[in-house]
Amino acid sequence: MPDPNGFLRYDRRLPARRPVPVRIMDWREVYPPAGPELIREQATRCMDCGIPFCHDGCPLGNRIPDWNDLVRTGDWDAAVGSLHATNNFPEFTGRLCPAPCEAACVLGLGGQQPVTIKQVEVEIADAAVARGGLRPRPAPAPTGKSVAVVGSGPTGLAAAQQLARAGHAVTVYERDDALGGLLRYGIPDFKLEKHHIDRRLAQLTAEGVVFRTGVNVGVDVTAEQLRAEHDAVLLACGALQGRDTPETPGRELRGVHQAMAHLVAANRVVAAAGEERPAPATLPDGTPIDAAGKHVVIIGGGDTAADCLGVAHRQGAAGVHQLDLYPQPPVDRDAARDPWPTWPWLLRNYPAHEEGGERVFAVAVQEFVDDGTGQVRAVRIVEVTVEKRDGRRIVTVLPGSERELPADLVLLAIGFEGTEEQPLLAQLGVTRNARGAVDARPDWQTDVDGVFVAGDMHRGASLIVWAIAEGRAVAAAIHSHLGGVGALPAPVDPARQPLAAR
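Attention here is on the structure that accompanies the text. (Residues numbered from 1 in each chain as written. Predicted model: local features only at pLDDT ≥ 70, side-chain atom pairs only at ≥ 80, totals over all residues. Heavy atoms only, no water.)

**As for the pattern of salt bridges**
One pass over the structure, following the stated rule, counts 33 salt bridges. With a closest N to O distance of 3.0 Å, Glu-29 and Arg-95 form a salt bridge. Here Glu-29 is found in the loop between helix H2 (20–23) and helix H3 (36–44), whereas its partner Arg-95 is found in helix H7 (residues 90–96), with 66 residues between them in sequence. Across this residue pair, the class does not change: Glu-29 and Arg-95 are buried. Between Asp-69 and Arg-72 there is a salt bridge; the shortest N-O distance is 2.6 Å. With Asp-69 and Arg-72 both in helix H5 (residues 64–72) and 3 residues apart, the pair spans about one turn of that helix. Since its relative accessible area comes to 23%, Arg-72 is described here as partly exposed. One connected set of salt bridges, linked through shared partners, spans Arg-17, Arg-23, Arg-314, Glu-354 and Glu-355. (Salt bridge = Lys/Arg side-chain N within 4 Å of Asp/Glu carboxyl O. Helix = DSSP H or I, 4+ residues; strand = E, 2+ residues; numbered from the N terminus. Buried < 20%, exposed > 50% of the residue type's maximum accessible area, 1.4 Å probe, protein only.)

**Some words on helix H15 (residues 303–315)**
Given 3.6 residues to a turn, an α-helix orients residues that are three or four positions apart in the same direction. Between the first and last C-alpha of H15 there are 18 Å, a value that for 13 residues agrees with the 18 Å anticipated at 1.5 Å per step. In terms of burial, H15 is a largely internal element, 12 of the 13 residues being buried. Taken together, the buried positions of H15 are Thr-304, Ala-305, Ala-306, Asp-307, Cys-308, Leu-309, Gly-310, Val-311, Ala-312, His-313, Arg-314 and Gln-315. Here the buried face of H15 lies against H2, helix H14 (259–273), strand E6 (295–299), strand E7 (319–324), helix H16 (351–354) and strand E13 (409–412). Note on H15: the residue one or two positions beyond its end, Gly-316, has a positive phi of about 90°. (Expected span 1.5 Å × (residues − 1). Contact = heavy atoms within 4.5 Å.)

**Some words on the sheet that holds E13**
Taken in spatial order, the 5 strands of this open sheet run E5-E13-E6-E7-E8, and their pairing is parallel. At either margin of the open sheet sits one strand with a lone partner, and together these are strand E5 (256–258) and strand E8 (358–361). Taking each pair of neighbouring strands and ignoring which way they run, the sheet shows an average axis angle of 20°. Here 5 bridges tie E6 to E7, and the two strands are oriented parallel to one another. (Pairing = 2+ DSSP bridges. Axes fitted to C-alpha atoms, helices over the stretch in contact; angles between N-to-C directions.)

**With respect to the sheet that holds strand E2 (residues 169–174)**
Read across the sheet, 5 strands follow the order E3-E2-E1-E4-E14 without closing on themselves; strand pairing throughout is parallel. A single partner strand is all that each edge strand has here, and the edge strands are strand E3 (210–213) and strand E14 (451–453). Within this sheet the neighbouring strands show an average axis-to-axis angle of 20°, counted without direction. Direction of pairing for E2 relative to E3: parallel, over a ladder of 4 bridges. From the neighbouring strand, Tyr-173 faces E3, where its bridge partner is Arg-212.

**Remarks on the environment of Pro-399**
Within the fold, Pro-399 resides in the loop between strand E11 (392–397) and strand E12 (403–406). Measuring from C-alpha to C-alpha, the distance between Pro-399 and Thr-342 comes to 36 Å, with 57 residues separating the pair along the chain.

**A word on the pairing of E7**
For E7, the buried fraction is high: 5 of the 6 residues fall into the buried class. The handedness of the E6 to E7 crossover, carried by H15, is right-handed. Pairing analysis gives 4 bridges linking E7 to E8, with the strands arranged parallel. Bridging across to E8, His-321 finds its partner in Glu-358. (Right-handed = clockwise from strand over helix to strand, strands pointing away.)

**Considering the packing of aromatic side chains**
Inspection of the entire model under this criterion finds 3 aromatic pairs. Here Arg-268 stacks its cationic end above the ring of Tyr-185, 4.0 Å away from the centre of that ring. Directly above the aromatic system of Phe-190 lies the positively charged group of Arg-314, at a separation of 4.1 Å from the ring centroid. (Phe/Tyr/Trp six-rings, centres within 6.5 Å; stacked < 30°, edge-to-face > 60°. Lys NZ or Arg CZ within 6 Å of the ring centre and 35° of its normal.)

**Side note on the nonpolar core**
Counting 68 residues, the largest nonpolar core has Ile-124, Leu-234 and Ile-478 as its most contacted members. Of the residues forming this core, the biggest block, 10 residues, is contributed by helix H19 (residues 464–481). Discounting residues that sit within four places of it in the chain, Leu-234 has contacts with Ala-148, Val-149, Val-150, Ala-159, Phe-452, Val-453, Ala-454, Val-474 and Ile-478. Within the second largest apolar cluster, 26 residues are counted, among which are Val-269, Ile-289, Ile-298 and Ala-305. (Core = buried A, V, L, I, M, F, W, Y, C linked by side-chain atoms within 4.5 Å.)

Have a look at this one:
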């Protein structure tokens, strides 16, 4: 049985990040591997509580107490099997997920620090590679059915793997020149080095999945062609429509960009450079979007904003301000606002915040200031208070608090408005809802029979664990729709929501 006193004998510890002066000189991952003694110690802190709420915090239903105890006892092969039973890509989630499972850890109920679930997960995932690689699991026999998956992000890849292993012929269509969706060009290498994606793609290819890159479905291939060639279609195109602020004076100035444009440009030059120093990042039309030597202002307080911050440091920004509309969050959980085991509103310090820059809370942008030539030179901000009334956000300006921040490059990281409008949707007869997402029936089909939707395209911009969970669930629905033998795992249904206080 697990050690019932492990959490009393050991404190929560994570491996030390690479030193800031070293890591901002390259694009490698911030965290080095944890040593075997540290990871065994941390896994021992899991007490296998009678009702493990971490299961509810994680939409994948990961068997967290099981693989924690297997790591504690040194049975790494069994730990690898237990982890992969519920998660196709634990090396992605272990690096990128903010770990709602840890917020739901029962230790949090008693005022203790939660188990380092995410760190144990990534160490098991890396152990799978070290202990024999990611062995393919091809289907014993084909079903004769064919599925088209549009989009190669974590939802599309998870669904493709589940369907291929069930014997269906799967073709994944990706409009970019490389596979992975946001994992490839939206996530910086210092969070996820791309060899992890390539390793999984090799496994999927060996399992029979066919990939077609550089194909914009709806333009290069029509919906009619897609439906004629396949028995079912899965839409997994993500939620890439960035939220904008067109009403703010000066939005049209040069140097004001969507955050994702900055991240994609940076990722492309890093990928092209290999071991060499990356060239300055530019947009496809040649517009410079590199932060080198510039005063950068990032508007937004979430993951995307922190990613832009880390990129700006590595590109050599002269200075960075990160602006947040809301007040500075508390360091500890406010039980009245966010009772355990829900996801708490906390001050989250990402590795990028250690590397420099200044965070400014409770401010709003009033104007992007022109330098006289059509280029932004500053951002005019004002202090604000924010409150919710009847579900509406009320922003109140504090008179006399206006000031300017120097800005040569401004990045809008203020969220996403759903999936992009695209010819494929009109051709299929699929419409977006008021949130910019695509609704799914209880069986994951859209209003068009045989056309399924999952991931951010259905849910809106969300966490990678939800993307993979929906990919697994929609694969189960497609398998059933095609008359497949048996049932595939379906960890969530289309109406499932994260843990929340009622």
